Amino acid sequence: MPKPLTPPVDPIVTSVIQHRLLAIVEEMGEAMLRTSYSQILNSSRDFSTAICDLNGRLIAQAEHVPIHVGALPYAARAVTEFFGDDIHQGDVFLLNDPYHGGNHLPDLTAFVPVFEGDRPRFWSINRAHQSDIGGATHGAYNAAATDIWQEGLRITPLRLYDRGAVRRDLLEMIATNVRHPRDFRGDLAAMIGSAHVGERRLLALAGEFGWPVTDAAIEAVLDGAERQTRAVIAQWKDGVYRGEALLDDDGRGHDDIHIRATVTKRGSDLVIDLSDSHEEVGSFVNSSYPNMYSAVVVALSYLIDPQTPKNDGTFRPMTVIAKPGTVVWANPGAPVTLATNHCAQEILEAIIKALAPACPDRAMAGWGRRFRIAIQGKDPRADVHGGKPFIWHFFQARPGGGGSPAGDGWPGAGEWQAAGGIKFGSLEVTEVRFPLFFRRHEFRPDSGGAGKYRGGSGGVVEMVVETAEPAVGNTAGDGVPHRYTLYSKAQPPRAIKTKEVGLVIHPGDVLVLESGGGGGWGEPTLRNPDAAARDIENGFISAPGPHPNPPPLAGEGMGAG
């Protein structure tokens, strides 16, 4: 069916409304940053805000966490389809299930409907990573999980507020199933407040310009984004391109889990086929379809002009083909918690590798991968019998970004699918909130790949765990350039695995956590001598000559402490 015609709107008015939409989602993010409870949100900023219409079209999104955004339309459609005509002013809906448009279970999403008169028109959306979402292990990343029910509480489309009144029984049930209900309630309130900010601002925008002009401008913005994206793609060389990326392991004894992308470029259209990827595995590196689609969206976003708004129109030139039962599109029920990092990063890596010959001036080298640890214990400093329970998520010493034709990679940028959207936060604030002492936090020498433009450096953290009784850690990640080492009294140094549960951390133990860097771009012999000298002066490179990149100490696979 052809798209209905919309009345023309003045280009200046369109531009004003486009920037107002961007300002709305950015203000939603600022509200979230200032009101959320958990450090993972108010310091590390692991949340995203967006506006979708009821059909699930992405209208506007702030530049927060890229991997969230491509999945949001699926979640918006899931809520719309489930509730149909039963959507009312004052309602608030929740969802986190990856098989209904979520990324992974920790990413809870709040939806507030925006009405034109008595008709719902848009969703104001906040997706935020919870410090805990229940399940078998603290912090949700369960390397031992063999199905999604071991990863946390699944929330399919759910009405939390009914015409402005909270459904207290549902809120109590959800909060009871997470480990820190006070923080959860505070974070959820911040999410809902953020979404209500979007609702008010969008209503004010429509009140100022009128709904017909607002609707016409939105259609013009979406169409303009499509034109801009197609103009870029049309400049690339036609052809069929292939790329492959590997996950080191699945934590179940299977190595080199492959993700293969075949990209066909014709004119201004892209067909991205991931169906030759590895079959689904019994591990949390699997991805649901919405998360996989989001990773594809991220890859395309990195290859087009940064000024192009990222919305429904931007991704119209793209067709995605995938096969159910593969690691990129697991069957419902498979564990998927690590998927926002791995295999999402490997999906976009395979696509960018494939398209590099078609657009060599836009493709970049690979980014450092994710390796995280979550520690659960009790803070002896708190005036609570036995100490106050805490869960701390490691966001410091983030990996480096890849080099590109534009220059060196970004040190400490984080993973490719986050692209700097997630921060490491203040060490001093962390030490106040948690029983941790950071001896050092610095860039890791020789971790970035060599090239005409050097890869960004990873990081090093050395910290002391200042609990009064043993704490427990679990890890989730991929990529051997990381080196995580536990130093415990009277014990030899212990290499921490990338997929591990039940790691016992004794009072006074020291963790040295070293992250990998990004890849270099171009021939190392072509690097500017002055830049190479500055690398040594600034400590990014330890010495002239061949790039060292020492082999890792950390083991791979899953084990128990």
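Note that the structure is predicted; figures quoted are calculated from it, not measured. (Residues numbered from 1 in each chain as written. Predicted model: local features only at pLDDT ≥ 70, side-chain atom pairs only at ≥ 80, totals over all residues. Heavy atoms only, no water.)

(A) Representation of the overall build of the protein in the model. When you go through the protein residue by residue, the secondary structure sums to eleven helices and 21 strands. Its C-alpha atoms give the protein a radius of gyration of 23 Å, near enough to 24 Å, the size a compact globule of 561 residues would have. Along the first, second and third principal axes, the C-alpha atoms of the protein reach 75 × 60 × 40 Å. Within the span of the protein, comprising 561 residues, buried residues form 59% of the whole. (Helix = DSSP H or I, 4+ residues; strand = E, 2+ residues; numbered from the N terminus. Rg over C-alpha atoms; globule rule 2.2 N^0.38 Å. Buried < 20%, exposed > 50% of the residue type's maximum accessible area, 1.4 Å probe, protein only.)

(B) Inspection of helix α8 (residues 289-303) at higher detail. Its 15 residues place the ends of α8 22 Å apart at the C-alpha level, agreeing with the 21 Å of an ideal helix rising 1.5 Å per residue. Summarising burial for α8: 15 of the 15 residues are buried, a large majority. (Expected span 1.5 Å × (residues − 1).)

(C) Highlighting the nonpolar core. Counting residues in hydrophobic clusters, the biggest one holds 95 residues, and the most contacted among them are Trp236, Ile347 and Leu355. In terms of residues, this core owes the most to one element, α8, which gives eleven residues. Not counting chain neighbours up to four residues away, the residues in contact with tryptophan 236 comprise Lys265, Leu270, Leu300, Leu303, Leu355, Ala358, Cys359 and Arg362. Core analysis: the second largest hydrophobic core is formed by 22 residues, Trp392, Leu503, Ile505 and Leu511 among them. (Core = buried A, V, L, I, M, F, W, Y, C linked by side-chain atoms within 4.5 Å. Contact = heavy atoms within 4.5 Å.)

(D) The arrangement of the pattern of salt bridges in detail. All chains considered together, the criterion is met by 42 salt bridges. Taking the shortest distance from any N to any O, the salt bridge between arginine 57 and glutamate 219 comes out at 2.6 Å. In this pair, arginine 57 sits in the loop between β1 (47-53) and β2 (58-61) while glutamate 219 sits in helix α7 (residues 211-233), placing the two residues 162 residues apart along the sequence. On the basis of relative accessible area, arginine 57 is assigned to the partly exposed category, the value being 22%. Residue glutamate 219 is classed as buried on the basis of its relative accessible area of 13%. (Salt bridge = Lys/Arg side-chain N within 4 Å of Asp/Glu carboxyl O.)

(E) The arrangement of the pairing of strand β8 (residues 239-249) in detail. With ten bridges joining them, β8 and strand β9 (residues 255-266) adopt antiparallel strand pairing. Following the sheet pairing, tyrosine 241 is matched in β9 by valine 263. Where β8 folds back on β9, the antiparallel hairpin that results is connected by five residues, among which glycine 251 adopts a positive phi of roughly 80°. (Pairing = 2+ DSSP bridges.)

(F) Expanded view of the sheet that holds strand β15 (residues 459-465). An order of β14-β15-β20-β17-β18 is seen for the five strands of this open sheet, with the pairing classed as antiparallel. Both edges of this open sheet fall to β14 (436-443) and β18 (494-495), since each of them pairs with a single strand only. For β14 and β15, the ladder comprises seven bridges, and the chain directions are antiparallel. Across the sheet, phenylalanine 438 pairs through a bridge with methionine 463, a residue of β15.

(G) Molecular detail of the layout of surface pockets. Looking at the largest pocket, its volume works out to about 1,000 Å³. Along the wall of the largest pocket there are 41 residues; nearest its centre are Glu63, Pro66, Tyr302, Pro306 and Ala419. If you tally residues by element for the lining of the largest pocket, the top one is α8, at five residues. Residues that form the lining of the largest pocket fall into these classes: 22 nonpolar, nine polar and ten charged. Approximately 520 Å³ is the volume attributed to the second largest pocket. In this structure, the second largest pocket is lined by 26 residues; those nearest its centre are His180, Asp183, Lys388, Pro389 and Phe434. Elements with a minimum of two residues in the lining of the second largest pocket: α2 (39-42), α6 (181-209) and β13 (388-393). (1 Å grid on protein atoms, 1.4 Å probe; cavity = no way out; pocket = protein on both sides within 12 Å on 5 of 7 lines; lining within 4 Å. Points joined across faces, edges and corners; volume = space filled by probe spheres on them. Nonpolar A, V, L, I, M, F, W, Y, C, P; charged D, E, K, R; others polar.)

(H) Region of interest: the sheet that holds β8. Read from one edge to the other, the open sheet built from four strands follows the order β8-β9-β10-β11, with strand pairing classed as mixed. Edge positions in the open sheet fall to β8 and β11 (318-321), since each of these has one partner strand only. Direction aside, neighbouring strands of the sheet carry axes that sit 20° apart on average. Contacts from helix α9 (residues 344-355) reach β8, β9 and β10 (269-273), with the element oriented near 145° to β8. (Axes fitted to C-alpha atoms, helices over the stretch in contact; angles between N-to-C directions.)

(I) How the structure looks around empty space enclosed by the protein. Going through the model one piece at a time under the given rule, you end up with two cavities of 30 Å³ or more. Lining the largest cavity are 19 residues; nearest its centre among them are Asp46, His129, Tyr141, Asn341 and Ile422. Residues of the lining of the largest cavity, tallied by class, amount to seven nonpolar, seven polar and five charged. Taken together, Arg369, Arg370, Phe371, Phe394, Gln396, Ala397, Arg398, Pro399, Glu415, His482, Tyr484 and Ser515 make up the lining of the second largest cavity.

(J) Representation of the environment of serine 488 within the structure. The residue serine 488 is located in the loop between β17 (483-487) and β18 in this model. A C-alpha to C-alpha distance of 7.1 Å links serine 488 and histidine 506, two positions 18 residues apart in sequence. Apart from residues no more than four positions distant in its own chain, serine 488 is found in contact with His506 and Asp509.

(K) Quick look at the confidence of the model for the protein. Considering every residue of the protein, the mean pLDDT works out to 93; 96% of them sit at 70 or more. Counting contacts from residues 549-561, a segment whose pLDDT is below 50, to residues more than four positions away or on other chains yields 48 contacts. (pLDDT = per-residue confidence, 0-100.)

(L) Highlighting helix α4 (residues 72-83). Taking 1.5 Å of rise per residue, twelve residues should cover 16 Å, and α4 covers 17 Å from first to last C-alpha, within 8% of that figure. Within α4, burial applies to Leu72, Pro73, Ala75, Ala76, Ala78, Val79, Thr80 and Phe83.

(M) Unusual backbone geometry, seen in detail. Residue aspartate 256 is not a glycine yet carries a positive backbone phi of 55°. Structurally, the position occupied by aspartate 256 is in strand β9. Despite not being glycine, aspartate 446 has its phi angle at roughly 65°, a positive value. Inspection of the secondary structure puts aspartate 446 in the loop between β14 and β15. Aspartate 446 sits in the buried class, given a relative accessible area of 9%.

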